[in-house]
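# Architecture and fold: a report
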Amino acid sequence: MSHIRAGAELDPARPAPSPRTRPAGLGPAEVAERVARGQVNDVPVRSSRSLGEIVRANVLTRFNAIIGVLWLIMLVVAPIQDSLFGFVILANTAIGIVQEWRAKQTLDSLAVIGEARPTVRRDGVALQVATGEIVLDDLIEIGPGDKIVVDGVCAEADGLEIDESLLTGEADPVVKRPGDQVMSGSFVVAGSGAFQATKVGREAYAARLAEEASRFTLVHSELRSGISTILKYVTWMMVPAAVGLVVTQLVIENNDLKDAVARTVGGIVPMVPEGLVLLTSVAFAIGVIRLGRRQCLVQELPAIEGLARVDTVCLDKTGTLTEGGMDVTGVRPLNGADEPYIRKVLGALGESDPRPNASLRAIIDAFPDSEEWRCVESLPFSSARKYSGAAFSEGDGETSTWLLGAPDVLLAPDDPALAETERLNERGLRVLLLARARRDLDDPEPARDARPTALVVLEQRLRPDAADTLRYFAEQNVRAKVLSGDNAVSVGAVAAKLGLEGTAVDARRLPADPPAMAEALDEGTVFGRVTPQQKRDMVDALQSRGRTVAMTGDGVNDVLALKSADIGVAMGSGSEATRAVAQIVLLDNSFASLPSVVAEGRRVIGNITRVATLFLVKTVYSVLLAVLVVCAQVEYPFLPRHLTLLSTLTIGVPAFFLALAPNTERARPQFVRRVMRYAVPGGVVAAAATFLTYLLARHHYSGPGALDAETSVATLTLFLVSMWVLVIIARPYTWWRVTLVASMGVAFLLVLAVPALQDFFALKLVGVTMPWAAVGVAAVASGALEYLWRWVGRRFPV
């Protein structure tokens, strides 16, 4: 079919532009000239930090500076055993750099796969190029779902409607005509056209905003902000405790200078929960790598955390529950229409749209185009309208105008064809109405008085993995809501086939009032005839009820909802606009990837919450021990080597394994409160038990080696109490958790049993009375811990 496309916004008195006279775009020499002048869209769209930024972020930290200074002091005044903590920090920093670098490489490789490739017209030929290859004055072709990647001026428009809500907040699409400005960051919702780039690179302000919004980032995370809050309070506690410790050890006790310095540093170093920040970064980085292997592009790091908190998933039907493709299973003429003629109309309608959606592609496959028919005007499909249209010259002098869309939108409520549509929808079939229009397409209401001509029946292909995915969400107490632009009965039938039971609701009957809408959303499961604006309103309404909402979609009608949701998940084959606003892109287009994505988020957040308690118990008991030593005006009971050994066996090694273990528990809010309600009593009990044993030992031992003997029994007590903290944190037990805890205990026994290790760590238990007293005190303290943590769980629930 030959056709001349004339948008409704053009002057009907003027002849429509011919494909032969459309602008050809820049030639090769013009492109080369602009590249040489630097007029290229060279804004770096980065998915991760550079190597230099990674190194700086892991090395130049406040706590690394504190520990680095203390380490240098210890290298000068004490044996190498008391400087082990510095080597541990070096290893931790190196691990953090390596893991984040691996995550960066994974992200960058996936970002190339998922990168938008705009279509530019050069020398009359349409080419797909990388966003960074666009030059000034390039002619860029656009269609439904395409993101505007640079600023420009509209050169061609065929029913072109652009949504600028992400920039201006205005919900209604804007009709664009030649000469109108188009802004980067907006996207096409209907029609097609082309625009000439007028601002590229850093000159395009909106593009720069979009880059900042979609850059891989570590901010806006409850977990990370909670850890920052904890570290701030830790710093405040450290300063007075450390000052008091320095004064006590160097002045009041009047000890040997080197020994006093060593014990002072031994008191300060464990106050710093340096491993907590490292493990958080490592857990996030490994989460990114694991998801990358599943072809999931994480565009914003906190998305992993958000997924762990999701309790409601909103799904678009097409492309999520069903595959993108459809099949025409039949045509049912209405009002005595001739079926061969209907097939000609459908073939012409399919050919009239240069960017057909899934329904129209199925019609194109089923009905051949008629060469004699010529398209003279078109009305592109839009999700808000629910129909498209075209006017034809039929080759025999006749002209006709046709509409194709939703029967319940185009038909009167009492039309008998709706009953047939309802029966087909109940079987999960999709039905379109072909109607002959009596009004022009540029009429404000082109569908009014249209004459129904045929029902086109399409069968949707269910995703084979959708049922299992929905079952997973049900088992995890995550509520699924289907929000679709299709007929509610049809969508409900599809959902029922996949095992998702619930009421199907026509969204046109939903109340506009947000509280009332939220109540209706709680009661329903499947919603049909949802407009793009309604999808966003429905997500907002769910959030107003305290829900953490993930939204999945692939079409331009999902963009607003994806942006409003706590977590937006886009399909890799979806429109550029959906991929641009989503935090996670499923590059393999597999809905079945969602459970693994949610599980990864839960693993990361659940485990970080778990191991944070280990680190902060150490911080609390270290500060309290320093305070008790200052108040009692005695020697600090530990050298740095003792606390390095304890930290490694009861925190460092176990925390690394626990942070990477499977965890399916949904993350809950109030991270700081959840962690500190256990860390404070745990640290208080550990400090009290250790200091009590130390005081008892000071009264028991005397002579030249008394301080070493006192240190050894204090170390034994602190180790046993810390091990019991680990025993509690490691629950529920599995074979590997039991093995992990047992191996840490065996390692400590080896230190006590092997003479060379005894000398290296300055640990030697003297006599029988005090070692057994230390075990007894630790046992009582462990019982107190069990009671206190259970009481805290009941008394201060979150």
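The sections below set out a description of the structure shown in this document. Within any chain, residue numbers begin from 1 and follow the written order of that chain's sequence. Only residues with pLDDT of at least 70 are given local features in this predicted model, and only at 80 or more are side-chain atom pairs given and counted; all residues enter the totals for whole chains, interfaces and linings. Only hydrogens and water are set aside; all other atoms, that is, all heavy atoms of the structure, feed into the side-chain values.

## Describing the overall build of the protein
Where we set the bar: For helices the rule is a DSSP run of H or I covering at least 4 residues; for strands it is a run of E covering at least 2, with both sets numbered from the N terminus onward. Exposed residues in this analysis have more than 50% of their type's maximum accessible area, buried residues have under 20%, and partly exposed residues fall in between, with area computed by a 1.4 Å probe over protein chains only. Per-residue and other accessible areas follow the Shrake-Rupley method at a 1.4 Å probe size, with only the shown protein chains counted as cover for residues.
Assigned secondary structure in the protein consists of 27 helices and 21 strands. Residues classed as buried in the protein amount to 57% of the 798 residues present. Accessible surface, the protein as shown: approximately 32600 Å² in total, 58% of it carbon and sulfur.

## As for the sheet that holds strand E17 (residues 504-506)
Note the following rule: For two strands to be treated as a pair, DSSP must find no fewer than two bridges joining them. Axis definition: a line fitted to C-alpha atoms, over the contacting stretch in the case of helices. Angles run 0 to 180 degrees between N-to-C directions. Contacts are assigned to residue pairs that have any heavy atoms within 4.5 Å of one another.
In spatial order, the strands read E8-E21-E20-E19-E9-E16-E18-E17; together these eight strands make up an open sheet with mixed pairing. At either end of the open sheet lies a strand with only one pairing partner, and these are strand E8 (296-298) and E17. Adjacent strand axes in the sheet meet at a mean angle of 20° when their direction is disregarded. Pairing of strand E9 (residues 312-315) with strand E16 (residues 479-483), which is carried by four bridges, proceeds in the parallel orientation. Opposite Val313, over in E16, you have Ala480 as the bridge partner. Here helix H18 (residues 532-544) sits on the sheet and contacts E9, E16, strand E18 (526-528) and strand E19 (549-553); the angle it forms with E19, its principal contact strand, is near 160°.

## Comments concerning the packing of helix H21 (residues 593-632) against helix H24 (residues 706-729)
Selection rule: Oblique is the label for any angle not under 35 degrees, not over 145, and not in the 65 to 115 range, which are roughly parallel, roughly antiparallel and roughly perpendicular in turn. Working rule for handedness: look at the near helix, and if it is turned counterclockwise from the far one by less than a right angle, call the crossing left-handed; if clockwise, right-handed. Residues are grouped as follows: nonpolar covers Ala, Val, Leu, Ile, Met, Phe, Trp, Tyr, Cys and Pro; charged covers Asp, Glu, Lys and Arg; every other residue, Gly included, is treated as polar.
Direction vectors running N to C along H21 and H24 enclose 155°, while the axes themselves pass 10 Å from each other. Here H24 runs roughly antiparallel to H21, going by the angle between their axes. With respect to the hand of their crossing, H21 and H24 are arranged in right-handed fashion. Of the residues in H24, those touching H21 at Arg610, Thr613, Leu614, Val617 and Tyr621 are Leu718, Ser722, Val725, Leu726 and Ile729. For the contact of H21 with H24, the per-class residue count stands at seven nonpolar, two polar and one charged.

## Regarding the pairing of strand E2 (residues 125-128)
Alignment of strand E1 (residues 119-122) against E2, held across four bridges, turns out to be antiparallel. Bridge pairing in E2 links Val120 to Leu127. Between the end of E1 and the start of E2, which pair antiparallel, lie two residues, with Asp123 showing a positive phi angle near 55°.

## Remarks on the packing of aromatic side chains
To keep things clear, this is the line we draw: Pairing of aromatic side chains requires ring centres within 6.5 Å, counting the rings of Phe and Tyr and the six-membered ring of Trp. Pairs whose planes differ by under 30 degrees are stacked, by over 60 edge-to-face, and all others tilted.
All told, the structure shown has 10 aromatic pairs when counted by the stated rule. Note on Phe656 and Phe657: the rings are 6.2 Å apart at their centroids and 90° apart in plane angle, and the pair reads as edge-to-face. Residue classification places Phe656 among the partly exposed residues on the basis of a relative accessible area of 29%. Phe657 gets classed as partly exposed once you look at its relative accessible area, which sits at 46%. Each residue in the set Tyr341, Trp373, Phe392 and Trp402 is aromatic and connected to the rest through ring pairs, giving one cluster.

## Here we look at unusual backbone geometry
Residues Arg731 and Pro732 are joined by a peptide bond in cis, for which omega reads -5°. Turning to its location among the elements, Pro732 is positioned in the loop between H24 and helix H25 (735-753). Even without being a glycine, Ala762 presents a positive backbone phi close to 55°. By the secondary structure assignment, Ala762 is in the loop between helix H26 (755-761) and helix H27 (769-795).

## Focus: empty space enclosed by the protein
Selection criterion: The rule is simple: put a 1 Å grid over the protein atoms alone, call a set of points where a 1.4 Å probe fits but cannot get out a cavity, call an open set with protein on both sides within 12 Å along at least five of seven lines a pocket, and count a residue as lining if it has an atom within 4 Å of a point. Grid points are joined across faces, edges and corners, and a volume is the space filled by probe spheres set on the points.
Inspection of the entire model under this criterion finds three cavities of 30 Å³ or more. Roughly 50 Å³ of volume is contained in the largest cavity. Lining the largest cavity are Leu614, Val617, Lys618, Tyr621, Thr650, Ile651, Ser722 and Val725. Where the lining of the largest cavity is concerned, the elements lending two or more residues are H21, helix H22 (640-659) and H24. Of all the elements, H21 adds the most residues to the lining of the largest cavity, at four residues. Looking at side-chain class alone, the lining of the largest cavity contains five nonpolar, two polar and one charged residues.

## Overview of the packing of helix H23 (residues 671-700) against H27
At a minimum axis separation of 9 Å, H23 and H27 run at an interaxial angle of 160°. By the angle between their directions, the pair H23 and H27 is classed as roughly antiparallel. Taken as a pair, H23 and H27 cross one another with a handedness that is right-handed. Where H23 approaches H27, its residues Arg677, Tyr678, Pro681, Gly682, Val685, Ala689, Leu692, Thr693, Leu696, Ala697 and His700 are matched on the opposing element by Thr769, Met770, Ala774, Val777, Ala781, Leu785, Leu788, Trp789, Val792 and Gly793. Residue composition of the contact of H23 with H27, by class: 15 nonpolar, five polar and one charged.

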